[in-house]
Amino acid sequence: MDQVQESTQGPVTDSGDEWDTDLETDEANNRHQSLSPAELYLQACLQTGAIPVSSFLNLVEADLNLNHYGVGPRGAKALAIVLLTDKNVTNLELEDNNLQAEGARYLMEMLQTNMTIQSINLSNNQLYREGAEIISKMLLDNYYIKSIKLSGNHFDDSAAKCFADVLKGDYVVKELDLSHNIFCVIGGVHLGHMLATNVGIEVLNLSWNHIRTGGAVALSAGLKENSTLKKLQLSWNGFGQVEAESMGQALKHNHTLVLLDLSSNLLDDKAVMLLCQGLATNDTLRVLKLSHNLLTNTGALTLLKTIKNNRKSAVEEIDISTVFVNEDFLEVLKAAHQSRPALDVRYIVMNSVTRNLSALQIFQKFFEAQNESITDFFKALDKDGAMTVSTSTFRKAVKEANVPLDQRQLEWLIKKFDKDCTATILYSQFAELS
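Residues numbered from 1 in each chain as written. Predicted model: local features only at pLDDT ≥ 70, side-chain atom pairs only at ≥ 80, totals over all residues. Heavy atoms only, no water.

Participant: Before we go on, may I ask you to explain the overall build of the protein chain in this structure?
Facilitator: For the protein chain, the count of helices and strands is 17 helices and 13 strands. Rg of the C-alpha trace for the protein chain: 30 Å, well past the compact-globule value of 22 Å for 434 residues, more than 25% over. Structurally, the protein chain occupies a C-alpha span of about 105 × 45 × 30 Å along its principal axes. Looking at the protein chain residue by residue over its 434 residues, the buried ones come to 51%. A separation of at least 24 residues holds for 83% of the contacts in the protein chain among residues at least 6 apart in sequence. Total accessible area computed for the protein chain in this model is approximately 20300 Å², and 49% of it derives from carbon and sulfur atoms. Considering the protein chain, the positive charge centre built from 38 side chains and the negative charge centre built from 54 side chains are found 9 Å apart. (Helix = DSSP H or I, 4+ residues; strand = E, 2+ residues; numbered from the N terminus. Rg over C-alpha atoms; globule rule 2.2 N^0.38 Å. Buried < 20%, exposed > 50% of the residue type's maximum accessible area, 1.4 Å probe, protein only. Contact = heavy atoms within 4.5 Å. Areas by Shrake-Rupley, 256 points an atom, 1.4 Å probe, with all protein chains shown as cover. Lys, Arg positive; Asp, Glu negative; His and termini not counted. Charge placed at Lys NZ, Arg CZ, Asp CG, Glu CD.)

Participant: Would you explain the nonpolar core in this entry?
Facilitator: In summary, soluble globular proteins display a tendency toward joint burial of nonpolar side chains. Counting 102 residues, the largest nonpolar core has L107, M110, L122, L303, I320 and F329 as its most contacted members. Core analysis: the second largest hydrophobic core is formed by 22 residues, A359, F367, F378 and L413 among them. (Core = buried A, V, L, I, M, F, W, Y, C linked by side-chain atoms within 4.5 Å.)

Participant: Which parts of the structure should I look at to understand the sheet that holds strand β11 (residues 344-349)?
Facilitator: The strands making up a sheet associate through backbone hydrogen bonding, with each pair oriented either parallel or antiparallel. Strand order in this open sheet of eleven strands is β1-β2-β3-β4-β5-β6-β7-β8-β9-β10-β11, and the pairing throughout is parallel. In this open sheet, the two strands that pair with only one neighbour each are β1 (63-65) and β11. The mean angle between the axes of side-by-side strands here comes to 5°, regardless of whether they run parallel or antiparallel. Where strand β6 (residues 203-205) and strand β7 (residues 231-233) come together, three bridges link them in parallel fashion. Bridge assignment links N205 to a residue of β7, and that residue is Q233. (Pairing = 2+ DSSP bridges. Axes fitted to C-alpha atoms, helices over the stretch in contact; angles between N-to-C directions.)

Participant: Even after reading the chapter, I still don't get the pattern of salt bridges, so can you show me in this structure?
Facilitator: A side chain with one charge can pair with a side chain of the opposite charge if their charged atoms come near. Applying the stated rule across the entire model yields eight salt bridges. In this structure, the salt-bridge partner of E411 is R395, at a minimum N-O distance of 2.9 Å. With E411 in helix α17 (residues 407-417) and R395 in helix α16 (residues 391-400), the pair connects residues that are 16 residues apart, well separated along the chain. On the basis of relative accessibility, which here comes to 29%, the residue E411 falls in the partly exposed class. The exposure class assigned to R395 is partly exposed, which follows from its relative accessible area of 24%. Taken together, the salt bridges that share partners define one network made up of K161, D165 and K168. (Salt bridge = Lys/Arg side-chain N within 4 Å of Asp/Glu carboxyl O.)

Participant: Sorry if this is basic, but what is going on with the packing of aromatic side chains here?
Facilitator: Between two aromatic rings, the relevant description is the distance of the centres plus the angle of the planes. Throughout the structure, instances matching the rule amount to 16 aromatic pairs. Seen from their ring centres, F394 and F417 are 5.7 Å apart, and the 70° between their planes marks the pair as edge-to-face. Residue F394 is found in helix α16, and its partner F417 is found in helix α17; the two are separated by 23 residues along the sequence. A residue is classified by how much of its surface remains accessible, and F394, at 0% relative accessible area, is buried. Among the aromatic side chains, those forming a connected cluster through ring pairs are F363, F366, F367, F377, F378, F394, F417 and Y427. (Phe/Tyr/Trp six-rings, centres within 6.5 Å; stacked < 30°, edge-to-face > 60°.)

Participant: So what exactly am I meant to see when it comes to a nonpolar patch on the surface here?
Facilitator: A grouping of M115, Y143, Y144, Y171 and V199 is seen on the molecular surface, where their side chains present a nonpolar patch of about 570 Å² in accessible area. Its location among the elements puts Y143 in the loop between α5 (128-140) and β4 (147-149). According to the relative accessible area criterion, Y143 is exposed, its value standing at 56%. (Patch = residues over 30% accessible without salt bridge, like charges linked within 9 Å, V, L, I, M, F, W, Y side chains within 5 Å.)

Participant: Just to check I follow, could you spell out a positive patch on the surface for this structure?
Facilitator: On the surface, a cluster of positive charge is made up of K146, K174, K230 and R286. Along the chain, K230 turns up in the loop between α8 (213-225) and β7. A relative accessible area of 40% places K230 in the partly exposed class.

Participant: I tried to follow the pairing of β11 on my own but got confused; where do I start?
Facilitator: Regular strands show a simple pattern: their side chains alternate between the two faces of the sheet. Judged from the five bridges that link them, strand β10 (residues 317-325) and β11 form a sheet pairing that is parallel. Looking at the pairing, F324 lines up with I348 of β11. Note on the crossover from β10 through helix α12 (residues 327-339) to β11: the handedness is right-handed. (Right-handed = clockwise from strand over helix to strand, strands pointing away.)

Participant: I keep staring at unusual backbone geometry and nothing clicks. Help me out?
Facilitator: A negative phi holds for most residues other than glycine; trans holds for most peptide bonds. In this structure, H68 is a non-glycine residue whose phi angle is positive, near 65°. Structurally, H68 can be placed in the loop between β1 and α3 (72-83). Even without being glycine, W236 reaches a positive phi, approximately 55°.

Participant: Which parts of the structure should I look at to understand the pairing of β10?
Facilitator: In the sheet, strand β9 (residues 287-289) pairs with β10 via three bridges, with the strands oriented parallel. For V287, the partnering residue across the bridge sits in β10 and is E317.

Here's what the structure looks like:
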């Protein structure tokens, strides 16, 4: 059944309608001008009761990485006080610091003034819905933040609505990471509607959520209309045939997406066939990730043939690295490489398959060493001149000639020569090998 979700609310603090975190006063601003960043930070820590983070004391680089330091809400306030007037930091990393909504509030108020920071990572900080509301409020008047990472913050469908509402017409944010949250069907619907009108986001990570059925269909519908998204990550969402079909339809219309990650879902051979309805005409997708799904060699072969037959396809990388492929797949891949030498396909192949594929080369070289051709070998067996030889006669002759093939290789070679299983080999097909 489709999952309709209740709001997930973290610890409650005073939300308020306006920023009210008392980060600065005019008098304080004047004092700040005469202090170094380190001095200002230590003073802010004393003021807020936060424990100083030693890495911040050496603030000289544009990339400020304070991931996993246990900063907490008070530490976030101290950082915010310093960063209000900072002009060095462009990337702020604060993952896994237990900031909570309170800490997010201090940082978002700081971003209303700071014009230097362009990317911020607040992943895994226990932000919940209240944190989503605070961040969304900042995004309403955002002109500088281009990348925001919010993975693992217990955001639910109501949080998805917060983000979707402020990003519908946004053109500033280019990268948005909302992975490892708890978006379900309704959340997917909100984000799908956002995608249809957003004109900024180029990278969207929604992996490790529960977006499926109606939510996934809405996302695909949004993707049809979207004209800026380049990378979409949807791994670990439970996608199956319904979701694959809607994504296939989206790929028929979308002309900007270059990477689609559908790994670690529930896509079987039928689902891949439905996805291929879009891949048959799409001319922009370059990277397709499908590892850790339920597809077999059959689905992999359908996928490869679809890409091969679409002359306009831009696909250059396919990840099916958990699929065991057989000889048929590898032969089609070899043919595909004739026109697309740069095509990179990741797969698994058993040693027996590789050994079988070498059988034809072994067979051909054996007769070349004796200054004979494959055709000569067959003609000697064709007593009636009918250009055909029975498979039993061929099998016996190969063994008597001591061609260095094991039994499996020999049987695979017979199957290759007699593709219609008529127990007869038409050896005119080997003229080009002679």
